[in-house]
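Summary of structural features
Here is what each chain is made of, one letter per residue.
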Amino acid sequence: MGRVFNFSAGPAMLPLEVLEKAKNEMTDYQGSGMSVMEMSHRSKVFMEIAENAKSKLIELMGIPANYKVLFLQGGASSQFAMVPLNLFSEKKKADIVNTGAWSKKAIAEAKRYGNVNVVASSEDKTFSYIPELSAEMFDQDADYAHITTNNTIYGTLFPGLPEVGNVPLVADMSSNILSQEYDVSKFGIIYAGAQKNIGPAGLTIVIIREDLIGKALDFTPTMLNYKTHADNDSMFNTPPCYSIYMAGLVFEWALEKGGLKSIEKINKEKAGLLYNYLDSSSLFKATVEPKFRSLMNVPFVTGNDELDAKFISEAAANNLTTLKGHRSVGGMRASIYNSMPMEGVKALVDFMKDFESRN
Ligand SMILES: *Cc1c(COP(=O)(O)O)cnc(C)c1O
């Protein structure tokens, strides 16, 4: 069987060019006589792989010099605890915007170590929008403010960044990092699990402003202290070596595509194609208000569970896979991360048109 168009929310598709390159280097990485999976993380050859991945990410995102890039493990889910453990040094207060299931987890974990103020929530309408936020809503006394820039399950995207004054803005960017340009200097911390838009699972990226390092609560485990990893260039213990190598290949691929400006443009075209069809369809309907629609995760429904199931199974038979929606929204969800080519979205829309005409 050939490759399918895989609309999985994560782990997700990777660029074919990247997979091919990894395949060619699989058993003998550039004359080293071994696979990247078999190398010492302290070897010169691996140190270069890690250094290259880091510098490519800095170039891609335009990360300023007063930020550290950390390659960690434990997923974005570990960051829900690491952020408060490391930032609750003064007031033990966090302002968190609740825009879905992942925000709720960030709230629940922060509550274990301090006080959480839920600044605003869109739970009243099944998280189908992003609440209006103004500067006065944020406490200037909080240790950090937290947002989820893209809500993977509900398919919403923050249309801009909230004004939070001098409080460090922390962002869970797991499902839209590298999908569009962001001004990194607006953030205290950006974190993301790799398996959506970066590479294989197992790697967690943390981009942290240097002044936020070294203030962890006393009882913070060594491995959960950002300072441990910043001081050791993410090599305090064995890092997720192969995932770092793959991430480096994806960063190179993204730079070859023209960087985030051109990737953002392509993403807008891809998402536009799908949303335009959804808005014109009399069978399918997008679930998110237009101005908050994600470029990465597109939930849609027919309103009829049986028809949804039929669509999902027929689509899979046509090489359009993993379109089932998250159980909390139902219906379908097409995740169209950076690696999903335009042809994949076109194939999906063509199939949807055909399905509509038959049903
Ligand atoms: C997938 C996801 C997570 C969870 O990531 P893990 O790496 O599995 O812990 C957290 N936040 C968002 C926005 C996600 O999309």
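Residues numbered from 1 in each chain as written. Predicted model: local features only at pLDDT ≥ 70, side-chain atom pairs only at ≥ 80, totals over all residues. Heavy atoms only, no water.

1. A look at the nonpolar core
Core analysis: the largest hydrophobic core is formed by 93 residues, its most contacted members being M61, F284 and F311. When residues of this core are assigned to their parent elements, the largest contribution, eleven residues, is made by helix α6 (residues 241–256). Each of domain 1 (17–256) and domain 2 (260–358) gives at least three residues to this core. Residues A76, M82, Y113 and Y191 belong to the second largest nonpolar core, which totals 28 residues. (Core = buried A, V, L, I, M, F, W, Y, C linked by side-chain atoms within 4.5 Å. Buried < 20%, exposed > 50% of the residue type's maximum accessible area, 1.4 Å probe, protein only. Helix = DSSP H or I, 4+ residues; strand = E, 2+ residues; numbered from the N terminus. Domains from an automatic or database assignment.)

2. Observations concerning helix α4 (residues 101–111)
Of the residues making up α4, those classed as buried are S103, A106, I107 and A110. Along the axis of α4, the buried residues cluster in a sector spanning 100 degrees; they form a single face. (Arc of directions from axis to C-beta.)

3. Some points on the packing of helix α7 (residues 259–280) against helix α9 (residues 342–358)
Relative placement of two packed helices is described by the angle separating their axes and the distance separating the axes. Relative to each other, α7 and α9 sit at 10 degrees, their axes nearing to 9 Å. Between α7 and α9, the crossing angle belongs to the class labelled roughly parallel. Here E269, K270, L273, L274, Y277 and L278 of α7 lie close against α9, whose contacting residues are M342, V345, K346, L348, V349, M352, K353 and E356. Residues belonging to the contact of α7 with α9 are distributed by class as follows: nine nonpolar, no polar and five charged. (Axes fitted to C-alpha atoms, helices over the stretch in contact; angles between N-to-C directions. Parallel < 35°, antiparallel > 145°, perpendicular 65-115°, else oblique. Contact = heavy atoms within 4.5 Å. Nonpolar A, V, L, I, M, F, W, Y, C, P; charged D, E, K, R; others polar.)

4. Quick word on the packing of aromatic side chains
Per the counting criterion, the structure on display carries 15 aromatic pairs. Plain terms: the ring middles of F80 and Y191 are 6.2 Å apart, the flat faces sit at 75 degrees to each other, and that makes the pair edge-to-face. With a gap of 111 residues between them, F80 in helix α3 (residues 75–87) and Y191 in strand β9 (residues 189–193) connect regions that are remote in the sequence. With centroids separated by 6.3 Å and ring planes inclined at 35 degrees, the aromatic side chains of Y113 and F219 adopt a geometry described as tilted. Residue Y113 is located in the loop between α4 and β4 (115–121), and its partner F219 is located in the loop between β10 (204–209) and α5 (226–231); the two are separated by 106 residues in the primary sequence. (Phe/Tyr/Trp six-rings, centres within 6.5 Å; stacked < 30°, edge-to-face > 60°.)

5. Section: the pattern of salt bridges
Pairing between side chains becomes possible if they bear opposite charge and their charged atoms approach one another. Tallied over the entire structure, the rule returns 21 salt bridges. The residue K91 makes a salt bridge to D141 at a minimum N-O spacing of 3.3 Å. Here K91 is found in the loop between α3 and β3 (93–98), whereas its partner D141 is found in the loop between β4 and β5 (144–148), with 50 residues between them in sequence. Its relative accessible area of 35% is what places D141 among the partly exposed residues. For D231, the salt bridge is made with K227, and the minimal N-O distance between the two is 2.7 Å. Placement of the pair is D231 and K227 together in helix α5, with a separation of four residues, close to one helical turn. Residue class for K227 comes out partly exposed when judged on its relative accessible area of 38%. (Salt bridge = Lys/Arg side-chain N within 4 Å of Asp/Glu carboxyl O.)

6. A short note on the pairing of β10
A large share of β10 lies buried, amounting to five of its six residues. Pairing of strand β2 (residues 67–72) with β10, which is carried by six bridges, proceeds in the antiparallel orientation. Bridging from a neighbouring strand, L72 pairs with T204 of β10. Examined bridge by bridge, β9 and β10 share five bridges and lie antiparallel to one another. Looking across to β10, one finds that I189 is bridged to I208. (Pairing = 2+ DSSP bridges.)

7. With respect to the site of the ligand
Neighbouring residues of the ligand: 13 residues in total, closest S77, T152, D172, Q195 and K196. The separation between an oxygen atom of the ligand and a polar side-chain atom of S77 is 2.6 Å. In this structure, T152 approaches the ligand through a side-chain N or O atom, which is 2.4 Å from an oxygen atom. Notes on the ligand: free accessible area 390 Å², of which the protein chains cover 87%. Residue contributions to the shell around the ligand peak at four residues, all from α3. The class makeup of the residues in the shell around the ligand is three nonpolar, eight polar and two charged. (Near = heavy atom within 4 Å. Polar contact = N/O pair within 3.5 Å; in protein donor to acceptor, adjacent residues only side chain to side chain. Areas by Shrake-Rupley, 256 points an atom, 1.4 Å probe, with all protein chains shown as cover.)

8. Considerations on the sheet that holds strand β14 (residues 332–335)
Reading across from one edge, β11-β12-β14 is the order of the three strands in this open sheet, with antiparallel pairing throughout. Each edge of the open sheet carries a strand with a single partner, namely β11 (285–286) and β14. Sitting on the sheet, α7 touches β11, β12 (297–301) and β14, and the angle it makes with β12 is about 15 degrees.

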